[in-house]
Amino acid sequence: MSAERIAVCPGSFDPITLGHVDIIRRSLRFADRVLVAVAYSATHVKSGMFGVDERVEMIRETFAGEPRVQAVSFQGLLVDFAKAQGADMVVRGLRAVSDFEYEFQMALMNRRLWDGMETVFLAPDLEHSYLSSSLVRQIAALKGDVSPFVPQNVLRRLNERFGGAS
Ligand code: PNS
């Protein structure tokens, strides 16, 4: 384990929302560095709204002023990625009871795969507790206003794509 405390925040981030931003910022309270890791599956190259590189770019733009946050994409198992990065902790936001079963299952499976990593669950800001990337995608595609839910740079890209409210 390196002296530096590195937390991995993994996810699809399609696109990053203010809920993700909140969890990443909270992680900086106990981690020296936060690696925001966009999961990429070679077998599902076309899935999702934004390509993986664009998702990473949006995260980098969002945290341009915060050198302790880095964004990368990764393929394969999260535990292998974390190990290779010298990270011993994974951070996930827990929005509601409905998230719990999936998150608990992943945390236990990841521990079974590599005992050297802990999963830390963070409660989001109440204002973001109902927010998800899939709802943002749906609302944006139907030309609804997603400005309260995503960073400005993401809003710009969504509006470019869908010509929604600004
Ligand atoms: O934002 P999401 O889609 O809920 O994130 C899910 C993610 C990317 C964290 C999860 O699918 C993952 O860790 N994928 C990498 C592959 C892996 O390690 N799978 C086994 C998990 S127990």
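As a starting point, this report considers the structure included with it. (Residues numbered from 1 in each chain as written. Predicted model: local features only at pLDDT ≥ 70, side-chain atom pairs only at ≥ 80, totals over all residues. Heavy atoms only, no water.)

Notes on the site of the ligand
Phase 1 of the analysis: Near the ligand there are 13 residues, and of these Ser12, Ala39, Gly76, Leu78 and Arg92 occur at the shortest range.
Phase 2 of the analysis: Within the contact set of the ligand, an oxygen atom lies 2.8 Å away from a backbone nitrogen or oxygen of Leu78.
Phase 3 of the analysis: One nitrogen or oxygen atom from the side chain of Arg92 is found 3.0 Å from an oxygen atom belonging to the ligand.
Phase 4 of the analysis: Taken by itself the ligand offers 550 Å² of open surface, and the protein chains cover 71% of this.
Phase 5 of the analysis: Take the shell around the ligand: its biggest share by element is four residues, from helix 4 (residues 97-113).
Phase 6 of the analysis: Of the residues belonging to the shell around the ligand, the class tally is eight nonpolar, four polar and one charged. (Near = heavy atom within 4 Å. Polar contact = N/O pair within 3.5 Å; in protein donor to acceptor, adjacent residues only side chain to side chain. Areas by Shrake-Rupley, 256 points an atom, 1.4 Å probe, with all protein chains shown as cover. Helix = DSSP H or I, 4+ residues; strand = E, 2+ residues; numbered from the N terminus. Nonpolar A, V, L, I, M, F, W, Y, C, P; charged D, E, K, R; others polar.)

Looking at the environment of Thr119
Phase 1 of the analysis: Tracing the sequence through the fold places Thr119 in strand 5 (residues 118-122).
Phase 2 of the analysis: For Thr119, a relative accessible area of 22% corresponds to the partly exposed category.
Phase 3 of the analysis: Counting along the chain gives 69 residues from Thr119 to Phe50, while the straight-line C-alpha distance between them is 27 Å.
Phase 4 of the analysis: Once residues within four sequence positions are removed from consideration, Thr119 is found in contact with Val90 and Ala107. (Buried < 20%, exposed > 50% of the residue type's maximum accessible area, 1.4 Å probe, protein only. Contact = heavy atoms within 4.5 Å.)

Considerations on the pattern of salt bridges
Phase 1 of the analysis: Under the counting rule described, the total for this entry stands at 13 salt bridges.
Phase 2 of the analysis: Of the charged contacts, one joins Arg5 and Asp88 as a salt bridge, the two residues approaching to 3.2 Å between their closest N and O atoms. One end of the pair, Arg5, is in the segment before strand 1 (6-11); the other, Asp88, is in the loop between helix 3 (78-85) and strand 4 (89-93), with 83 residues separating them in the sequence.
Phase 3 of the analysis: By relative accessible area, Asp88 is classed as buried at 11%.
Phase 4 of the analysis: Put simply, Glu54 and Arg161 hold a salt bridge, and the shortest N to O gap is 3.6 Å. On the criterion of sequence distance, the pair formed by Glu54 in helix 2 (residues 52-62) and Arg161 in helix 6 (residues 152-162) is long-range, its members being 107 residues apart.
Phase 5 of the analysis: Judged by its relative accessible area of 23%, Glu54 falls in the partly exposed class.
Phase 6 of the analysis: Judged by its relative accessible area of 41%, Arg161 is partly exposed.
Phase 7 of the analysis: One network of salt bridges, in which partners are shared, links Glu54, Glu57, Glu61, Arg157 and Arg161. (Salt bridge = Lys/Arg side-chain N within 4 Å of Asp/Glu carboxyl O.)

What about the pairing of strand 4?
Along any regular strand the residues' side chains alternate between the sheet's two faces.
Phase 1 of the analysis: Among the five residues of strand 4, four are classified as buried, and the element is accordingly described as predominantly covered.
Phase 2 of the analysis: Bridging between strand 1 and strand 4 involves two bridges; their strand directions are parallel. Bridging from a neighbouring strand, Val8 pairs with Val90 of strand 4.
Phase 3 of the analysis: Bridging between strand 4 and strand 5 involves five bridges; their strand directions are parallel. Across the sheet, Val90 pairs through a bridge with Thr119, a residue of strand 5. (Pairing = 2+ DSSP bridges.)

Considerations on the side chain of His128
Phase 1 of the analysis: Its location among the elements puts His128 in the loop between strand 5 and helix 5 (133-141).
Phase 2 of the analysis: When near neighbours in sequence (up to four residues on either side) are disregarded, His128 contacts Leu18, Gly19, Asp22 and Arg95.

Digging into the packing of helix 2 against helix 6
Phase 1 of the analysis: Between helix 2 and helix 6, whose axes approach to 9 Å, the crossing angle comes to 140°. By the angle between their axes, helix 2 is oblique relative to helix 6. Of helix 6, the residues touching helix 2 (which contributes Glu54, Glu57, Met58, Glu61 and Thr62) are Asn153, Val154, Arg157 and Arg161.
Phase 2 of the analysis: A class-by-class count of the residues in the contact of helix 2 with helix 6 yields two nonpolar, two polar and five charged. (Axes fitted to C-alpha atoms, helices over the stretch in contact; angles between N-to-C directions. Parallel < 35°, antiparallel > 145°, perpendicular 65-115°, else oblique.)

The analysis is restricted to geometry; functional conclusions fall outside its scope.
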